Amino acid sequence: MGCAPSIHVSQSGVIYCRDSDESNSPHQTTTVSQGASTLHGLFVKSDAADSIPAVLAYQSRQPPPCSGPRRREPRAPRCCGIEAETQTGSASLKQASATEVQIGPMRLTQDPVQVLLIFAKEDNQSDGFWWACDRAGYRCNIAQTPESALECFLDKHQEIIVIDHRNSRYFDAEDICRSIRATKPSEHTVILAVVPRTSADQEETSVLPLLNAGFDRRFMENSSITACYNELIQIEHGEVRSQFKLRACNAVFTALEHCQEAIEITSEDRVIQYVNPAFEHMMGYQKGELIGKELTELPKSDKNCADLSDAINACIKKGKEWQGVYYARRKSGDSIQQHVKITPVIGQGGKIRHLVSLKRLRCTNENNKQLCKSQRDENYSGDSSQSESHSFKCKNRRKDSVDVKSITSQSSDAPSLQTRRYSSMARIHSMTIEAPITKVINIINAAQENSPITVAEALDRVLEILRTAELYSPQLGTKDEDPHTSDLVGGLMTDGLRRLSGNEYVFSKNMNLSHSHLSVPNTINDVPPCIAQLLDNEESWDFNIFELEAVTNKRPLVYLGLKVFGRFGVPEFLNCSEATLRAWLQVMEANYHSSNAYHNSTHAADVLHATAFFLGKERVKGSLGHLDEVAALIAATIHDVDHPGRTNSFLCNAGSELAVLYNDTAVLESHHTALAFQLTAKDSKCNIFKNIDRNHYRTLRQAIIDMVLATEMTKHFEHVNKFVNSINKPMASEETTSHSEGSDCECTANMKNFPDNQTLIKRMMIKCADVANPCRPLELCIEWAGRISEEYFAQTDEEKRQGLPVVMPVFDRNTCSIPKSQISFIDYFITDMFDAWDAFAHLPVLMQHLANNYKHWKMLDELKCKSLRLPSENNN
């Protein structure tokens, strides 16, 4: 192949293309029209035409010819003017695209260099740079006006810009350079000025004006392709590659800015050069207060050893890394203990140029613990919200409530790390019975052995928490902060044993809470029409249980039980007659104390109604079997049978027969189940279990017992947390996956395959049914609040009469604020539990009632009203 075809432009703008090789070439001689024209598929530029495009980009298909005119092969138009670009020689481009650059441990791949030529007129000099780019494998663009040059640069961000500075007739090269330098991308661009060659007798001009205008280099006019190539190659291997490394440093700084560890970089003279946001947060300073200051100017803590600074300096001067514990003083004046690692960075001349310090808090004192907690809260705010947001719609109504999904016990100050670790290992390995918690502790201890000190300390705190007895119970503040909540917790979630001045437990033998006298049930005939009419609405959540109480003469349980048990097919499942079921319901109701303000058969009927309502929800129905439904309805019916109207704490403090019998543990709940089964088996006429298979009976009995025991409040947070972690979170994850795949969620159907999950659902269901009063319509909610308050008032009165510890002092009928007690109960026990249950069962009506009722109590509290309603409402 000979030289490329020659291109000639006449003064009139007519373009000629002559092939100087074979005579039969299709390019032999062709004439095309004026201006910009298409010549054998090529875009060719004419200087004479006014319509000349401002920007052309092109790359040769073939290596540049040794001599003669050059062939250009433009391509399709693009963003800035018109761009024609063809593939560079495959060998050179491949070599350029494979360039790897190493910066420290970071390996980078550099794309082919891009060059922008800014020449108002094309001549030998612009051609020289063009063919030099072609030889080097660079991508090249050419612009002819300042506007198109800036537009092209902002589009492509070329690494090298060559500006024609030889003639100011067409544009001001320095103005173009300044306009480019005013843009953000130009900080990593090398700008080259092409200046005219000076004669031998002329004095060399200064480069300072060019540097001031923003140029980086000066190139004496030389159209030799080799000279242009050498210049570009030197720029690539020098400034371009350095700028490429600097751009990569942005990634490193991004990592530093988002790092959770505090980082400080100083010069060898200990002048602060950089601190990250974590450092600012830890020390309480802003960057502007630290950058440029010497470390000696900052306040020092007096808790460090006198010679610690000298020891650190001696280590660093040897080029060695130092790490250890160091006390620093925050801007506020507080001393905090840090684990510090200082690494010297060797620079030019083998000298230490920087010192990099990594600082972590050691959470050993109160200041550090508060700061650690603050950092953890900032690090995880917002990150954990997606999976936790199933249906927590009523959060705005809460004040200082406890989130049971994130409750942990806080560790106390303890001995040194090594002492704790060795003593822990000794205790754990001496155990012969390896329970699941023991396995967990062993795994943590093994992980500690080769862990950094900060990780080991964190794991020690985990071990301290795991060894506590109450893993699921939150820790309250002082009683002065929220006496209503503290009293509720003391009365409902503890055994109630309170030490008096003599450090002895007080027991009273005056109470007679035995069940030796049991009522005999009456025969029930057909349901009266007035009762039947009320029961027609029993499937609605707004069913008024108090109306049923009134028309049944305080015997709502029998009538509601017959209707609900029949609807769920309980007699058929148990293979018992309706007469037997009716007799059993009569026995159960007769053993509820109608004298109790709250814990009577109306409460049992209310819980039965709520349980039946929950069993009717699709997801609950799909998760449980028929045996589970029967067990739930029976458990709801018996869950408070023979309740004395006093709390477990009262019974334990009084030394009642029941407390002694059940060892002060789940006293009432154990009594309810035991008595219910005793009464059922005592008389064949009311024994609803007499006709079922023994294996079915054992399974049913265990399910009933488990559900009734779940109503005991000391395990409240354990049940709720297990439900959230085992049901809510996996279900939310499955739903997200199934929605993204466009299929229905099958998680409810899968529940039946996991009996443990069914157990958690049944526990949660009866727990919610047992305390659903705040989720009832407002009038029902108010009535229940008055009844439970009256029962607690009566207990406080009796405690004072008998000289027993007062379990819930706020429930003094002379001083108690019922709205405050309801607010505390909802905040501490109700909201999180019903949020979790709603996320599973979908209960919008209940959640709306809960929000409305909470507003009612808040309004009364803000008006300093201690009663159930405003005085004006009471008068009405």
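Residues numbered from 1 in each chain as written. Predicted model: local features only at pLDDT ≥ 70, side-chain atom pairs only at ≥ 80, totals over all residues. Heavy atoms only, no water.

J.: What exactly am I supposed to notice about the overall build of the chain here?
T.: Assigned secondary structure in the chain consists of 34 helices and 18 strands. Counting every position in the chain, which comprises 876 residues, the buried fraction comes to 49%. Restricting to contacts in the chain with at least 6 residues of sequence separation, those with at least 24 account for 69%. Accessible surface, the chain: about 42800 Å² in total, of which carbon and sulfur atoms supply 50%. (Helix = DSSP H or I, 4+ residues; strand = E, 2+ residues; numbered from the N terminus. Buried < 20%, exposed > 50% of the residue type's maximum accessible area, 1.4 Å probe, protein only. Contact = heavy atoms within 4.5 Å. Areas by Shrake-Rupley, 256 points an atom, 1.4 Å probe, with all protein chains shown as cover.)

J.: What is the right way to read the nonpolar core from this model?
T.: The tendency in soluble globular proteins is for nonpolar side chains to be buried as a group. With 114 residues, the main nonpolar core has L574, W584, F614, I634, L700, I704 and W837 as its most contacted residues. Sequence-distant contacts of L574, that is, excluding residues within four places in its chain, are made with V630, I634, I688, F689, N691, I692 and L700. If you look at the next biggest cluster of nonpolar residues, it comprises 24 residues, including L117, I160, V162 and V194. (Core = buried A, V, L, I, M, F, W, Y, C linked by side-chain atoms within 4.5 Å.)

J.: What is the right way to read helix α32 (residues 818-841) from this model?
T.: Every α-helix carries 3.6 residues per turn, so stepping three or four residues along brings you back to the same face. Between its first and last C-alpha, α32 extends only 30 Å over 24 residues, short of the 34 Å set by a 1.5 Å rise per residue. The largest bend in α32 amounts to roughly 45° and is located at I830. Of the residues one or two after α32, H842 is the one with positive phi, at around 60°. (Expected span 1.5 Å × (residues − 1). Bend = angle between axes of the 7 residues up to and from the residue.)

J.: I'm lost on helix α30 (residues 755-770) in this one. Help?
T.: The end-to-end C-alpha distance of α30 is 23 Å, a good match for the 22 Å that 16 residues give at a rise of 1.5 Å each. α30 sits mainly inside the fold: 13 of its 16 residues count as buried.

J.: Looking at this model, I keep getting lost on the pairing of strand β12 (residues 190-195). Mind explaining?
T.: Within a regular beta strand, the side chains point alternately toward one face of the sheet and then the other, so they alternate between its two faces. Buried residues dominate β12, accounting for six of its six residues. Burial along β12 is two-sided: the face carrying V190, L192 and V194 and the face carrying I191, A193 and V195 are both buried. Of the strand pairs in this sheet, strand β11 (residues 160-164) and β12 are connected by five bridges, and their pairing is parallel. Residue pairing in the sheet places I160 in a bridge with V190 of β12. After leaving β11, the chain enters helix α4 (residues 173-181) and then returns to the sheet as β12, a path that is right-handed. With four bridges connecting them, β12 and strand β13 (residues 217-220) associate as parallel partners. Counted as the bridge partner of V194 is F219 from β13. Handedness of the β12-helix α5 (residues 208-213)-β13 crossover: right-handed. (Pairing = 2+ DSSP bridges. Right-handed = clockwise from strand over helix to strand, strands pointing away.)

J.: Hey, could you run me through the sheet that holds strand β17 (residues 335-346) in this one?
T.: By way of backbone hydrogen bonds, the strands of a sheet pair with one another, either parallel or antiparallel. Across the sheet, five strands lie side by side as β15-β14-β18-β17-β16; this open sheet has antiparallel pairing. The open sheet is flanked by β15 (272-275) and β16 (322-329), the only strands paired with a single partner. With direction set aside, neighbouring strand axes in the sheet form an average angle of 30°. Pairing geometry for β17 and strand β18 (residues 352-361), over nine bridges, is antiparallel. Across the sheet, residue P344 finds its bridge partner in β18, namely L355. Against the sheet, helix α9 (residues 308-317) touches β16, β17 and β18, its axis set at about 140° to β16. (Axes fitted to C-alpha atoms, helices over the stretch in contact; angles between N-to-C directions.)

J.: It is not clear to me how a nonpolar patch on the surface should be interpreted in this structure. Could you clarify?
T.: A contiguous nonpolar surface patch, about 240 Å² in accessible area, is contributed by V207, L208 and L211. Here L208 is to be found in helix α5. What makes L208 exposed here is its relative accessible area of 52%. (Patch = residues over 30% accessible without salt bridge, like charges linked within 9 Å, V, L, I, M, F, W, Y side chains within 5 Å. Salt bridge = Lys/Arg side-chain N within 4 Å of Asp/Glu carboxyl O.)

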